[in-house]
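This is what each chain is made of:
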Amino acid sequence: MSNPTIDLLMSHRSIRRFEDRPLPDGVLETLIRCGQQASTSSNLQAYTAIHVTDPERKKRLAELCADQAQIHQSAAFLAFCADLHRDWMANQMHEAERFDGDYVEALMIATVDVALMMQNVAIAAEAMGLGICMIGAMRNNPKAVGALLGLPSHVVAVAGFCIGYPAQAPEVKPRLPLDAVLHREHYLDDEKHRAILADYDQTMVEFYASQGMHTGDQRWTKVMAERTGQFHAREELDEFLTAQGFQLRR
Ligand SMILES: Cc1cc2nc3c(=O)[nH]c(=O)nc-3n(C[C@H](O)[C@H](O)[C@H](O)COP(=O)(O)O)c2cc1C
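Residues numbered from 1 in each chain as written. Predicted model: local features only at pLDDT ≥ 70, side-chain atom pairs only at ≥ 80, totals over all residues. Heavy atoms only, no water.

*Asks:* Which parts of the structure should I look at to understand the nonpolar core?
*Replies:* Here is a general trend for soluble globular proteins: nonpolar side chains tend to be buried in one another's company. Phe80, Val156, Phe161 and Ile163 are the most contacted members of the largest nonpolar core, which totals 56 residues. With ten residues, helix 6 (residues 104-127) is the largest single contributor of residues to this core. Aside from chain neighbours lying at most four places away, what touches phenylalanine 161 is Ala76, Phe77, Leu78, Phe80, Met118, Val121, Ala122, Ile132, Cys133, Met134 and Ile135. (Core = buried A, V, L, I, M, F, W, Y, C linked by side-chain atoms within 4.5 Å. Buried < 20%, exposed > 50% of the residue type's maximum accessible area, 1.4 Å probe, protein only. Helix = DSSP H or I, 4+ residues; strand = E, 2+ residues; numbered from the N terminus. Contact = heavy atoms within 4.5 Å.)

Have a look at this one:
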């Protein structure tokens, strides 16, 4: 099945080198409007994008995000925040009985909302011939990022977002086989799952070899095994979430 929207979605790849060329007037606003049009839980619209334009502030923010080159090169760099602050304000305005911001549900709602918004912005940007790279390293230093952006209660920066004109044309990165992510009737048993992962390991080894990247063990399971053991490196995020009012009550 092929149509222009599906072709666009299937051609996504992150861009990490950008031309030194600004976005035309109005483009950013159009992209954010597209982001706003994503589905949103109960119409809460629990997100905010903060565009950092001042060169010194952008440089500082980039440094807090592992100093990644694509941030410096981007025509626009935004911090996408999960944001229940407006909903907290609405709660105060109407002296509502409860504000359940300390439930896991609150953070899930806001995180899903902002993720959907980001993806809509990504698709809209790519439809205009722009490239994007999301930046999870925005969560490396949540306290310093929060201070730089002046984040009030119930707001946390979930990811950075680079937008610009691509100065590279990377290959599309292969995804897991469909059977790994589309299960029928019930969750796939581990044996079948493992066989699919072994196939994908091979696909990724071949993909990186075809890109001239022969360094290290590129099997997907091996790379992910190491990646998922690194979440503790962002333990400051737990403290920051608590300070912001997302206590994640247990
Ligand atoms: C929330 C999120 C955070 C990400 N953070 C980074 C990042 O900090 N630096 C980076 O170079 N890429 C980052 N990426 C891009 C992913 O590495 C990339 O999407 C993934 O490897 C798949 O490659 P593709 O987007 O080219 O298809 C991030 C993607 C997401 C969704």
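*Asks:* Sorry, what's going on with the site of the ligand here?
*Replies:* In the neighbourhood of the ligand, 13 residues make up the surrounding shell, with His12, Ser14, Arg16, Gly136 and Lys173 lying closest. One nitrogen or oxygen atom from the main chain of glycine 136 is found 2.6 Å from a nitrogen atom belonging to the ligand. A distance of 3.5 Å separates an oxygen atom of the ligand from a polar atom in the backbone of alanine 137. When the ligand sits alone it has 620 Å² of accessible area, and the protein chains cover 67% of it. In this structure the site holding the ligand corresponds to the largest pocket. Of the residues forming the shell around the ligand, the biggest block, three residues, is contributed by strand 3 (residues 131-135). Partitioned by chemical class, the residues of the shell around the ligand number four nonpolar, five polar and four charged. (Near = heavy atom within 4 Å. Polar contact = N/O pair within 3.5 Å; in protein donor to acceptor, adjacent residues only side chain to side chain. Areas by Shrake-Rupley, 256 points an atom, 1.4 Å probe, with all protein chains shown as cover. 1 Å grid on protein atoms, 1.4 Å probe; cavity = no way out; pocket = protein on both sides within 12 Å on 5 of 7 lines; lining within 4 Å. Sits in = over half its atoms within 2 Å of the grid points. Nonpolar A, V, L, I, M, F, W, Y, C, P; charged D, E, K, R; others polar.)

*Asks:* For this particular structure, what's the right way to read the domain arrangement of the protein?
*Replies:* The parts lose accessible area when they come together, and the size of an interface is often stated as this lost area. Domain annotation of the protein identifies domain 1 (4-171) and domain 2 (173-233). Using C-alpha coordinates to define each centre, domain 1 is positioned 27 Å away from domain 2. (Domains from an automatic or database assignment.)

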